[in-house]
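Single-letter residue listing:
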Amino acid sequence: MDKAHQTRRFNRRTVLKGVGAAAVLGPAAGALFSSCSIGGNGNGGGGTGAPASANDIAKERGLTPEDVAAALKTYVPSGRHDEYLMFTSGGHSGQLLVIGIPSMRLLRVIGVFAPEPWQGWGYSDASRKVLEEGGFQGKTLTVGDTHHPALSETNAQYDGQFVFINEKIHGRVAVIDLRDFETKQIVKNPLTLSNHACFVTPNTEYVVEGCQYATPLGGAYAPLEEFEEKYRGAITFWKFNRERGRIVPDESFAVELPPYFQDLGDAGRGVSDGWVFLNSLNTEMATGGIQEGKPPLEIGASQREMDYLSVVNWKKAEEVARAGKVELINGFPVITIKTAVEEGILFQVPEPKSPHGVDVSPDGAYIVVSGKLDPHVTVYSMKKIEEQIAKGNYETDSFGIPVLDFAGCMEAQVELGLGPLHTQFDDKGYAYTSLFIDSAVARWTLGGEGKSDGWKFVDKIPVHYNVGHIAAVQGDTIQPGGKFLVALNKWSVDRFAPVGPLLPQNLQLIDISGETMQLLYDMPIGIGEPHYAQIIPVSLLQPWEVYPETGWEPGIQAVDAQAAQLGNEGVERNGSQVTVRMTALRSHFTPDIVRVKQGDTVTWHITNVENAHDATHGFVLPGVNVSLSLEPGEANSFTFTAEHPGVYPFYCTEFCAALHVEMMGYLIVEPS
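Under the annotation held in an unreviewed UniProt entry, the chain carries the name Nitrous-oxide reductase and is attributed to Sphaerobacter thermophilus. Within the UniProt record for the chain, the comment given under Subunit (unreviewed entry) is "Homodimer."

What follows is the structure in structure tokens.
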């Protein structure tokens with residue numbers, strides 16, 4: 001940042017602090033404003049003074065000093081960029097949201113598991129193919145429940161190259177390339193239905209997917225009466241090829257788990273590198289059955305005081321999988337529980353009942369678990385876990401899995417409040433845990449060697465309401481950024497103007513940089529339930545402004561050999577197969593009249609030959625259910641059968657130029 005810019009910003013902050021103070025001072029505010037300099041022409045302040053109207057505005061709107069301070073911390077002037085981007089799951093929408101911080105402006109909805117017409121996701125041949133490849137039982141799925149985004153990492157820090165996200169309903173994982181923020185791949189887990197955890201190992205060697213609800217692996221049938229014998233869970237390690245930007249199923253594997261319900265997980269880093277941790281609940285193996293006189297599942301699944309944290313040595317598991325010590329289930333390699341135990345891959349540690357979050361501290365030395373029905377967070381020491389394993393100090397559960405001694409692995413318990421769920425970390429040695437029942441976020445100190453004030457509750461801040469996950473800047477990495485935290489609240493109740501019985505979710509931005517936390521901003525999300533998020537500095541991202549070459553097909557991240565280019569536009573016929581090559585350039589399509597015959601199969605290639613930043617064109621055609629977004633340089637294709645004779649106008653859906661409305665043409669389907 002240049003010196004002049006820094007000076008301007010300093011003076012602006014100085015002035016705006018005065019605005020907050022003025023709101024308190026009332027009549028004295030005018031004097032305060034007039035004494036401040038903004039280093040140039042003011043806005044009603046007499047040339048060098050602060051805007052005299054600012055205090056009037058604050059008074060008129062009934063803003064408190066805290067309101068004004070919060071506004072100043074989140075306001076990003078027109079034309080300036082946010083410092084951070086937050087990647088947030090879109091829940092039932094099946095999409096991934098991109099939100100600027102601190103402004104909390106929604107910048108992008110990335111189409112992932114459900115079609116998204118604006119960006120043409122799910123309407124081109126290439127994006128339809130991605131959705132088809134993530135299908136189930138021969139069906140292309142167009143609904144999804146996205147839960148946990150995971151940014152790619154290098155040396156346990158976000159590298160800004162990819163983001164992955166899981167989909168809970170069907171057990172799927174998607175890959176999004178952050179050069180163009182578009183989905184490139186969806187893989188369906190061949191073993192399980194439903195997943196919950198999704199995270200990466202420290203160098204993104206694997207994208208790790210944790211199954212949630214136990215089923216017979218591979219989609220087989222077994223009656224519920226055989227739950228303990230034939231139902232299982234699994235943790236899947238999807239191998240990621242960074243150069244190709246794709247998950248490689250042929251190099252992936254899974255580790256079989258008992259039929260407990262697996263919940264959240266995290267990868268070790270630093271001293272715990274090589275291990276992953278996955279919560280489980282319902283170790284009672286309850287299956288419900290209210291109509292059969294059995295207790296509801298939530299009652300049956302909450303009988304024991306302790307459930308189990310699965311501790312998995314993924315590097316050892318990788319060796320075992322490569323050595324072929326697996327069973328193939330539905331064609332997918334699985335390390336069985338028996339092999340995992342024999343090879344020292346799988347251990348369990350008791351954890352307070354009904355756990356949710358498991359989060360590894362930045363240095364990797366500690367694993368924090370939150371039990372929803374326990375007011376504490378429980379902190380385990382990786383050093384102590386390894387000591388217990390080395391000593392062989394364990395019993396086994398009914399599946400023969402070593403269960404380590406709880407007290408021998410535990411480092412501390414910190415009482416925080418009701419319903420602890422999920423923990424994040426900052427750059428000052430604090431941890432933050434969401435409290436679902438309390439509707440609050442608690443701050444507490446990390447401990448360890450040389451820290452006399454560690455493992456202590458500090459304070460908490462109310463949020464609105466029923467907070468689930470929280471996300472702090474780089475809060476899942478070896479080097480958290482601190483500064484901001486976002487509470488992803490399930491209920492909003494009275495926070496926004498009424499819009500009917502279905503209310504938006506509420507994301508609340510919190511300043512965690514000071515001695516006390518301050519609530520800054522409420523952001524309604526009205527398209528689904530954002531479950532989890534990760535926050536990355538914008539400086540770590542290097543997205544394209546236009547595609548590298550004209551005719552670029554995003555699905556393969558290369559020029560499509562079939563792409564239309566300037567000079568090769570036209571309509572070619574080969575029997576009943578018709579190929580259209582069309583270019584889009586402000587403000588016309590070439591060709592703009594396409595004639596085919598009823599019954600023809602038409603493959604239509606369109607290229608946006610613009611190379612100007614933001615010169616996007618859209619394309620829609622009646623009756624074909626197609627909507628394309630063509631960013632500068634992008635090529636896209638779609639195929640259909642011309643079933644009905646008629647005249648069909650197509651047009652550009654982006655207001656791209658003054659003569660945008662004239663950017664149209666006709667498809668003429670002649671009767672056969």
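Let us keep going from here.
Novice: Explain the layout of surface pockets here, please?
Specialist: Over the atoms, a rolled probe matching the size of one water molecule traces out where space is still vacant. Space inside the largest pocket adds up to approximately 1200 Å³. Of the domains in this structure, domain 1 (84-112 + 144-286 + 306-540) and domain 2 (552-670) are the two that each give at least three residues to the lining of the largest pocket.

Novice: Looking at this structure, I do not really get the sheet that holds strand 32 (residues 518-525). What am I missing?
Specialist: Through backbone hydrogen bonds, the strands of a sheet pair up, either in parallel or in antiparallel fashion. Pairing in this open sheet of 4 strands is antiparallel, and the strands run 29-30-31-32 from one edge to the other. Strands with a single pairing partner mark the edges of an open sheet, and in this sheet they are strand 29 (467-472) and strand 32. Going from strand to strand, the sheet's axes swing by 20° on average, the running direction of each strand aside. Pairing geometry for strand 31 (residues 505-511) and strand 32, over 7 bridges, is antiparallel. Across the sheet, residue Asp511 finds its bridge partner in strand 32, namely Gln518. Along the sheet face, helix 4 (residues 65-74) touches strand 30 (484-489), strand 31 and strand 32 and points at about 65° away from the line of strand 32.

Novice: What am I meant to see in the packing of aromatic side chains here?
Specialist: As enumerated under the stated definition, the model contains 30 aromatic pairs in all. Residues Tyr260 and Phe399 carry aromatic rings whose centres are separated by 6.0 Å and whose planes lie at 80° to one another, so their mutual orientation is edge-to-face. Here Tyr260, found in the loop between strand 12 (253-257) and strand 13 (261-267), pairs with Phe399, found in the loop between strand 22 (394-396) and strand 23 (402-404); they are 139 residues apart in sequence, far enough to count as distant. Residue Tyr260 is classed as buried on the basis of its relative accessible area of 3%. Every member of this aromatic cluster is reached through a ring pair, and the members are Phe589, Trp604, Phe619, Phe638, Phe640 and Phe650. Across the ring face of Tyr206, the terminal group of Lys239 is positioned such that the distance to the ring centre comes to 4.9 Å. A cation over an aromatic ring shows up here: Arg443 above the ring of Tyr430, its NZ or CZ 4.7 Å from the ring centre.

Analysis parameters
Residues numbered from 1 in each chain as written. Predicted model: local features only at pLDDT ≥ 70, side-chain atom pairs only at ≥ 80, totals over all residues. Heavy atoms only, no water. UniProt positions renumbered as here; feature names shortened; annotations may be inferred. 1 Å grid on protein atoms, 1.4 Å probe; cavity = no way out; pocket = protein on both sides within 12 Å on 5 of 7 lines; lining within 4 Å. Points joined across faces, edges and corners; volume = space filled by probe spheres on them. Domains from an automatic or database assignment. Pairing = 2+ DSSP bridges. Helix = DSSP H or I, 4+ residues; strand = E, 2+ residues; numbered from the N terminus. Axes fitted to C-alpha atoms, helices over the stretch in contact; angles between N-to-C directions. Contact = heavy atoms within 4.5 Å. Phe/Tyr/Trp six-rings, centres within 6.5 Å; stacked < 30°, edge-to-face > 60°. Buried < 20%, exposed > 50% of the residue type's maximum accessible area, 1.4 Å probe, protein only. Lys NZ or Arg CZ within 6 Å of the ring centre and 35° of its normal.

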